[in-house]
Amino acid sequence: MATWETVIGLEIHAQLATKSKIFSGASTAFGTAPNTQACAVDLGFPGVLPVLNAEVVNMAIKFGVAIDAEITPNSVFARKNYFYPDLPKGYQISQFELPIVGRGQLGISLDEGVSKIIGITRAHLEEDAGKSLHDEFPEQTGVDLNRAGTPLLEIVSEPDMRSAKEAVVYARKIHALVQYLGICDGNMQEGSFRCDANVSVRLKGEEKLGTRAEIKNINSFRFLERAINFEIERQIDLIEDGSKVVQETRLYDADKDETRSMRSKEEANDYRYFPDPDLLPVAVTDDDINRIRASLPELPEQKRQRFIVDLQLSEYDAEVLTSSRETAIYFEKTLAQLPDQAKQIANWILGELSAALNKADINIEQSPISPDGLSNLIARISDNTISGKIAKQVFEAMWQGEGSADSIIEAKGLKQITDTGAIESLIDQVIADNPDQVDQFRAGKEKVLGFFVGQIMKQSKGKANPGQVNQLLREKLNKGRE
Amino acid sequence: MTLKTEDVRNIAHLARLQVDDESIERYATDLSNVLVLVEQLNQLDTSGITPMAHPLDATQRLRDDAVNETDLRDKFQNIAPDVKNGLYRVPKVIE
Amino acid sequence: MSKTIRQIQRGLARGEFSSIEITQDYLTAIKAHNPTINCYITITDELALQQAKTADERIAAGQAQALTGVPLAHKDIFCTDGVKTSCGSKMLDNFIAPYNATVIENIEASGAVMLGKTNMDEFAMGSSTENSYYGPAVNPWDHQRVPGGSSGGSAAAVAAGLAPAATGTDTGGSIRQPAALCGITGIKPTYGRVSRYGMIAFGSSLDQGGAFARTAEDCAQLIQTMAGFDPRDSTSIDHPVPNYSETLDGNIKGLRIGLPKEFFADGLDSNIAGVLEAAIDEYRKLGAEIVEVSLPNSKLSVPVYYVVALAECSSNLSRFDGVRFGYRCENPKDLEDLYKRSRGEGFGEEVKRRILLGTYALSAGYYDAYYLKAQQVRRLIKQDFERAFEDVDIIAAPTTPEIAFKLGEKTDDPVSMYLQDIYTLFLNLAGLPGMSIPAGFSQGMPVGLQLIANYFDEARLLNTAHQFQQASDWHLQSAEVK
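Residues numbered from 1 in each chain as written. Chains lettered and ligands numbered in written order. Predicted model: local features only at pLDDT ≥ 70, side-chain atom pairs only at ≥ 80, totals over all residues. Heavy atoms only, no water.

### A look at the overall build of chain A
In terms of helices and strands, chain A carries 15 helices and 16 strands. Counting only C-alpha atoms, chain A reaches 100 × 55 × 50 Å along its principal axes. Counting across all 482 residues of chain A, residues that qualify as buried make up 55%. Contacts spanning at least 24 positions in sequence make up 69% of the contacts within chain A whose residues lie at least 6 apart. As displayed, chain A offers around 21500 Å² of accessible surface, 47% of which is attributable to carbon and sulfur atoms. Charge-centre separation for chain A: the mean point of 55 positive side chains lies 3 Å from the mean point of 73 negative side chains. (Helix = DSSP H or I, 4+ residues; strand = E, 2+ residues; numbered from the N terminus. Buried < 20%, exposed > 50% of the residue type's maximum accessible area, 1.4 Å probe, protein only. Contact = heavy atoms within 4.5 Å. Areas by Shrake-Rupley, 256 points an atom, 1.4 Å probe, with all protein chains shown as cover. Lys, Arg positive; Asp, Glu negative; His and termini not counted. Charge placed at Lys NZ, Arg CZ, Asp CG, Glu CD.)

Here is the structure:
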C-alpha cells in the first residue's frame, strides 16, 4: 500500500474589529435586526461610492509587521465580479494583484519541542458579504445585508502544512496573533474568524501537488481538524479506487461530519478581476510602517521568550500561557500580585484552573475566579496559611462562588496548624494509641512513619503543617529508640 | 476576432443577461464589428508602459473609523421589489 | 424664453419678476413643448413652485445666495431624494432615489429651483438620446434630427428655452457633443473636480458631471456651485475652486491655442472645417497665437475608450439585479431566472450590447489583450496631451465630425454611432477639462468648437470661451420652438 502525504494550505478570513465598515460609515455591530445596519453604500445603491476606512489599513499593516511581511507601498483594490444575492453590487471589492501585505511567515510549535515555519503568501483586505437565510421562508431565501461591507483580512498561507493537526496549530496561532494585535475579536461562533482549507494528497516523495479541494464553512478548530481528516480519507479512497480528485469547493457539514460538493458555487469561476475605478491606490510609507511597528503590543513570540528567559518558565508552560491573549493576560495579572511566584501561578493556571475551565466549557475570561482571587489563594500557600492540598479544596469553593480564599479559609477553619505545642499533643496522642507501630518503627521499619503522618493529618483534618509534623514526629519516635 | 453565437451565450450567462435566440446572432455580429475596431490597438507597441487605471495620479484618501450612518431601512425597503420581516427576498437558493 | 442665468438673476434682483413667476413661465413652456421635444422625463412642477416660494422669501429677506430662485433642469442620472431617478432606463422606471447626489445638494444649497429631470440615453450609453426608455428627445433646431447624447435632454431643454441651464454628465462627450449639436455652451470639468457621489455610474474612471447653458458666463456660475471636494467620493480631488466668474474678462492676447493637426485632417466635414477656421480666425483677431500641436495616439481613443468604458460599465451595472430596487421580472422561477430576466427585460439593447462587450473584455484569457492593452494606450494618449500643454495654453478642436444626424440614421450600426465621439473621447481618457461653444452653422444646424485646457484650468477655459462670446453672437441664436 502506498504511503500518502497530505498538503494543506489555509485561507483565513479575520473580520477586522473596526467600528464602521470598510467602505461606509455604517456600524459593524453584530446581531442587530436585519438590514438596519446596511447603508446605501453597503446595499450597492446606484451612484453611491466607497471610501476606505483608515483603521482597516492600520490593522492590515499591524498584521503584516507581526509576520515580518513586506508591506506593499501602493496596494490596489480590485473588483471580483459574480452574482449572488448576498453580494449587493454584483462584485466584491477585494485585492488581487497588489495585496497590502506581501509574503511573510509564522513559526508554530509542534509536539516534543519541534517547531516549523509556515509561509504566509499574502494577506489582503476585502469586504464581507451579507447573509442568505434559507430557512426563513418556505419558497424564498431571505437576504440580510448587515454584514455586507464588514472589513475582512484574508490571510493566505503557503501549502506548508502536512497534517490536520499542523493546520489547527497554525490556525490557532493566527487566531491568537490577531487577538494580541487587537485587530480581530476572534469570535468563531459569530463568524469573526473563519477558515477555508485547501487540501490535497500525493504520494510521499512526489514533488507535484495533487488536485486540491477547497473546504469551506469551518467555524471551529475542532471542525477544522475533522473536516481535513475526512477530506484526506476521501481523497485517498478516491485515488486508491482508481478515480480522480476533482478541483472543487466543498462544504463541511459538522452534523454529518463530512464534506460535500457545493454545486451552487461550482460553475466557471471567471471573476473578471480589474482595478476598482472608484478607489485609488493605497499609499503606505515607511514612516507609516515604523509608526505602527512602534505601537505594536508585545507579540506572542516575544512574550514566550520573555517568560522562558526572565521568568524561568519551561518551554511548554511559556507556549501554553501565550497561546491565547486572554490566558497571557490572566497570567500576567496574577503575576503582578505575586511577582516571584511565576512557576506556582503557571502550575495553577495550567493545572487546576484549566481543568475546571474545560469541564465547564468556558473561556478563561469567563472564569469565576479572577486573577486577584487566584493570587490570593497562591499567597496563602506560600505564607503557609494552608497546605497545597487544602488549597485545592479552597479553589473548589472559590469556583463555586463561596467567596475569596481568605474568607473561605476563615469560614471553614482551614487555617494550617503551625503551633508546635498543638502538633506535639496530636503526635503524642497518636503514639499513645498505636504502640505496635511504634515498636515496628523502633525496630527499624522506617515505612511506618507514613502511617503516623497520615493519622496525624487525619486527626487535624489536614490542617497540620506537614513539614512540622514530619520533623516533630521523627524527633519523638527517635527519642524513644535511644 | 469574430464572436460565435456560443461565445455570446457564455458571456450573456456570465453577465446574467437573458438574450433570446433571434438577437443572439445580431449581438454576435455587432460585438465582432466592435472587436475589429478594438483590434487597432494591436498596431501599437506598448511594452514597458504602465497601464493607467485613473486619469489623475492620486492616491486613496482615508476616512476616519466612525459610524455616521443611521438606520434608513424603511426608506430603502420602500422601493424594494420583495421584502418581508426586514429581509430582501429572492427565489430559494439551494446550496 | 431664451433667458440666461445672468438675466434671471438681474430680473429677480430688480424685482422685475419673482422666482415663482419665472418658474411658472418655464413650467408653462415645458408643458407646451415637452410633448414634441421630449427633453424631460419627469417634470417636478410642485416641488419647483415650492422651492421658488422659498427662494422669493429669501430674496425678500435679503438672503439670496448664488443661484437663489433660478430654475434649472437636471439630467436624470443624478439621484434626487424623493424624486424618480430613471437614468433613462426601464430598469429604474420605479426608482425613487432615497438620497441626493452631491451635485444636487450643492445646487440646492445655492438656492436653485429644480424644474425636472431630463431625458438621456439609457445609463448614459449613447450619442443621440435614442437609447432612452422614454423615447428620443429631438433637436430643437430640426425635430427630425437628434439632439446628441447622452445628455441630449438637458441640451435640448436649454436650446429650446425650456430651462436656462441644466446639469449633465460626460463620459465620452455626453456634454460637449449635444451642446455642439444643439448650439449651446457645455462644459466638462477635470475628472475629480465635480463629485460623482449619487451620479449613476457608467464608466467610473471617465464620468464627470458638468453643465449646459447658453453662455460661458452661466456655465461658470453653475460649475462654481457644482465643483469642490467631496469626502464621499474617493476620486474627488481636494484642490481649491477658484472664482470662475472673476477671471472671465481676462485679456487673451498672447494666449497660445494649439490645433492638433490630426483633427483638422481627413474625416472632418468640410463645412464644419470652414466654420471652425472662421472661429479660429476670430481668436487670432482677439490676439491669440495659433500653433500646431500633435496628438499622435488620439486616433486610438475610440478603441481604448470602448474597452475601458465598457469593462467598467459591465461591472457597474451588475448591481441592477432585481433584488433591492428597480425592475424585477414577473414570477421568477429560480434565482438565475430572476437575474437573467430582470436584467434582460430591464435593460435596453445598447446597454446589453455594452455589458456583453465589457464582460468579454474582462473575461479570462482576454484581460491582457483588451483591458490592460487599452489602459497602456490610455497612458500614451494622456502623455500626448501633457507634451502639448508644455507648449500651449488651450487646445482647440472640432466637437463633432458632422452636424446633428437624423433620428434612426445610425441606430442599426453601433460602430458608426461610436465614431461620432471621435473628437471627444480622448478628453475623458486623459481626464482633462473641455468645453463646446457655438461657432456657427452648417446646413442651418449648429456647429460647436471644442476648447480643451490643462488639468484644473477651468478658469482659463471659461475665460477663453467667454472672450469668444463677447466677440461673436453664435451663442445668442435661438432655435425657434414651435
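### Digging into the overall build of chain C
Scanning chain C from terminus to terminus reveals 15 helices and 11 strands. In summary, chain C has a C-alpha radius of gyration of 21 Å against a globular reference of 23 Å for 482 residues, a match within 12%. Overall size of chain C, expressed as C-alpha extent along the three principal axes, is 65 × 55 × 45 Å. A separation threshold of at least 6 residues defines the contact pool for chain C, and within that pool the share at least 24 residues apart is 76%. Put simply, chain C shows about 14100 Å² of open surface, and 46% of that area lies on carbon and sulfur atoms. (Rg over C-alpha atoms; globule rule 2.2 N^0.38 Å.)

### Quick notes on the side chain of Ser151(C)
Residue and element names in this part refer to chain C. Inspection of the secondary structure assignment puts Ser151 in the loop between β3 (113-118) and α5 (152-159). Here the side chain of Ser151 touches Thr169 through a polar contact of 3.0 Å, landing on its backbone oxygen. For Ser151, the side chain forms a polar contact with the main-chain oxygen of Ser174, separated by 2.9 Å. Apart from the residues within four sequence positions on either side, Ser151 is in contact with Lys75, Asn119, Gly168, Thr169, Ser174, Ile175, Pro178 and Phe212. (Polar contact = N/O pair within 3.5 Å; in protein donor to acceptor, adjacent residues only side chain to side chain.)

### Considerations on empty space enclosed by the protein
The method is simple in principle: a probe with the dimensions of a water molecule rolls over the atoms, and the space it marks as empty is what remains. Taken as a whole, this structure holds five cavities of 30 Å³ or more when the rule is applied. Looking at the largest cavity, its volume works out to about 160 Å³. Grouping the amino acids of the lining of the largest cavity by side-chain chemistry returns 12 nonpolar, one polar and seven charged. Taken as a whole, the second largest cavity holds about 80 Å³ of empty space. In terms of lining, the second largest cavity is formed by 13 residues, of which the most central are Gly47(A), Val48(A), Ala201(C), Asn316(C) and Arg319(C). (1 Å grid on protein atoms, 1.4 Å probe; cavity = no way out; pocket = protein on both sides within 12 Å on 5 of 7 lines; lining within 4 Å. Points joined across faces, edges and corners; volume = space filled by probe spheres on them. Nonpolar A, V, L, I, M, F, W, Y, C, P; charged D, E, K, R; others polar.)

### What to know about the sheet that holds strand β9 (residues 140-144) of chain A
Hydrogen bonds along the backbone pair up the strands of a sheet, which may run parallel or antiparallel. Pairing within the open sheet is antiparallel, and its four strands lie in the order β8(A)-β9(A)-β3(B)-β2(B). The sheet is open, and its two edges are formed by β8 (131-133) of chain A together with β2 (83-84) of chain B, each paired on a single side. One ladder, built from three bridges, connects β8(A) with β9(A); its direction is antiparallel. Looking at the pairing, Ser132(A) lines up with Val143(A) of β9(A). (Pairing = 2+ DSSP bridges.)

### What to know about the domain arrangement of chain A
By a widespread convention, an interface's size corresponds to the accessible area lost as its parts come together. For chain A, the assigned domains read domain 1 (4-288), domain 2 (298-412) and domain 3 (420-481). Here the C-alpha centroids of domain 1 of chain A and domain 3 of chain A sit 67 Å apart. (Domains from an automatic or database assignment.)

### A look at the interface of chain C and chain B
With 68 residues of chain C at the interface, the matching set in chain B holds 50 residues. In total, chain C and chain B occlude about 5400 Å² of area from one another, counting both sides; carbon and sulfur atoms represent 69% of this. Linking chain C with chain B are five salt bridges, by the criterion used here. When the shortest N-O distance is used, the salt bridge between Asp81(C) and Lys75(B) registers 3.0 Å. Summed over the shared surface of chain C and chain B, the number is 23 residue pairs in polar contact (both at pLDDT 80 or more). Contributing elements (two or more residues each) for the side of chain C that touches chain B: α9 (301-316), α10 (335-346), α11 (349-362), α12 (367-391), α13 (414-418) and α14 (425-430) of chain C. For the side of chain C that touches chain B, the leading source of residues is α12(C), giving 11 residues. For the side of chain C that touches chain B, a count of residues per class yields 37 nonpolar, 13 polar and 18 charged. (Buried area = accessible area lost by both parts, 1.4 Å probe. Salt bridge = Lys/Arg side-chain N within 4 Å of Asp/Glu carboxyl O.)

### Some points on the environment of Pro50(A)
Looking at the secondary structure, you find Pro50(A) in the loop between β1 (4-15) and β2 (52-53). Classification of Pro50(A) as buried rests on a relative accessible area of 7%. Sequence separation of Pro50(A) and Gln312(A) is 262 residues, and the distance between their C-alpha atoms is 51 Å. For Pro50(A), the residues in contact, after removing those within four places along its chain, are Phe23(A), Val41(A), Ile93(A), Asp278(A), Leu279(A) and Ser234(C).

### A short note on the interface of chain A and chain C
With 30 residues of chain A in contact, the opposing surface of chain C contributes 36 residues. Summed over both partners, the interface of chain A with chain C comes to about 2800 Å²; 59% of that surface belongs to carbon and sulfur atoms. Counting every contact that joins chain A to chain C gives one salt bridge. In this structure, Asp278(A) engages Arg196(C) in a salt bridge whose closest nitrogen and oxygen atoms are separated by 3.0 Å.

### Remarks on the sheet that holds strand β6 (residues 104-109) of chain A
All names here are of chain A. One open sheet holds the eight strands; their spatial order is β6-β7-β10-β1-β11-β12-β13-β14, and the pairing between them is mixed. Looking at the sheet topology across the chains shown, the edges are occupied by β6 and β14 (258-261). With strand direction ignored, the average angle separating the axes of adjacent strands in the sheet is 30°. Sheet analysis places strand β13 (residues 248-253) next to β14, joined by four bridges and oriented antiparallel. Residue pairing in the sheet places Asp253 in a bridge with Glu258 of β14. (Axes fitted to C-alpha atoms, helices over the stretch in contact; angles between N-to-C directions.)

### Examining unusual backbone geometry
In this chain, Gly149(C) is followed by Ser150(C) through a cis amide linkage whose omega measures 5°. Looking at the secondary structure, you find Ser150(C) in the loop between β3 and α5. At Asp361(A), a position not held by glycine, the phi torsion is positive, near 55°. Note that Asp361(A) resides in the loop between α8 (342-360) and α9 (371-382). A positive phi is found at Arg16(B), a non-glycine position, where the angle reads about 50°.

### What about helix α12 (residues 420-433) of chain A?
Residues and elements named next belong to chain A. Helix length check: α12 (14 residues) gives 20 Å between terminal C-alpha atoms against 20 Å at 1.5 Å per residue, within 8%. Among all positions in α12, only Ile423, Leu426, Ile427, Val430 and Ile431 are buried. Here the buried residues of α12 occupy an arc of 135° about the axis, which is enough to place them on one side. (Expected span 1.5 Å × (residues − 1). Arc of directions from axis to C-beta.)

### Regarding a negative patch on the surface
Residues and elements named next belong to chain A. A contiguous patch of negative charge on the surface is contributed by Glu233, Asp237, Glu240 and Asp241. With respect to the secondary-structure elements, Asp237 resides in helix α3 (residues 221-240). On the basis of relative accessible area, Asp237 is assigned to the partly exposed category, the value being 41%. (Patch = residues over 30% accessible without salt bridge, like charges linked within 9 Å, V, L, I, M, F, W, Y side chains within 5 Å.)

### A short note on the pairing of strand β4 (residues 77-81) of chain A
Residue and element names in this part refer to chain A. Counting buried residues in β4 gives five out of five residues, a clear majority hidden from the surface. A two-sided burial pattern is seen for β4, the buried positions comprising Phe77, Arg79 and Asn81 on one face and Ala78 and Lys80 on the other. The pairing of β4 with strand β5 (residues 91-95) spans five bridges and is classified as antiparallel. Within the sheet, the bridge partner assigned to Lys80 lies in β5 and is Gln92. For β4 and strand β15 (residues 274-275), the ladder comprises two bridges, and the chain directions are antiparallel. Paired with Arg79 across the strands is Phe274, a residue of β15.

### Here's the deal with the packing of α8(A) against helix α10 (residues 388-399) of chain A
Residue and element names in this part refer to chain A. Packing of α8 against α10 brings their axes to within 12 Å, and their N-to-C directions diverge by 40°. In this structure, the crossing between α8 and α10 has a hand that is right-handed. On α10, the residues that touch Trp348, Glu352, Leu353, Ala356, Leu357 and Ala360 of α8 are Ala391, Lys392, Phe395 and Trp399. Per-class residue counts for the contact of α8 with α10 are eight nonpolar, no polar and two charged. (Left-handed = near helix turned anticlockwise from the far one by under 90°.)

### Digging into helix α2 (residues 19-37) of chain C
Residue and element names in this part refer to chain C. Considering bend angle alone, the principal kink of α2 is centred on Lys31 and spans about 40°; proline Pro35 follows within four residues of it. Those residues of α2 that sit buried are Ser19, Ile22, Thr23, Tyr26, Leu27, Ala29, Ile30, His33, Asn34 and Ile37. Against α1 (5-14), β1 (40-43), α3 (45-60), β2 (71-75), β3 and α5 lie the buried residues of α2. Of the residues one or two after α2, Asn38 is the one with positive phi, at around 55°. (Bend = angle between axes of the 7 residues up to and from the residue.)

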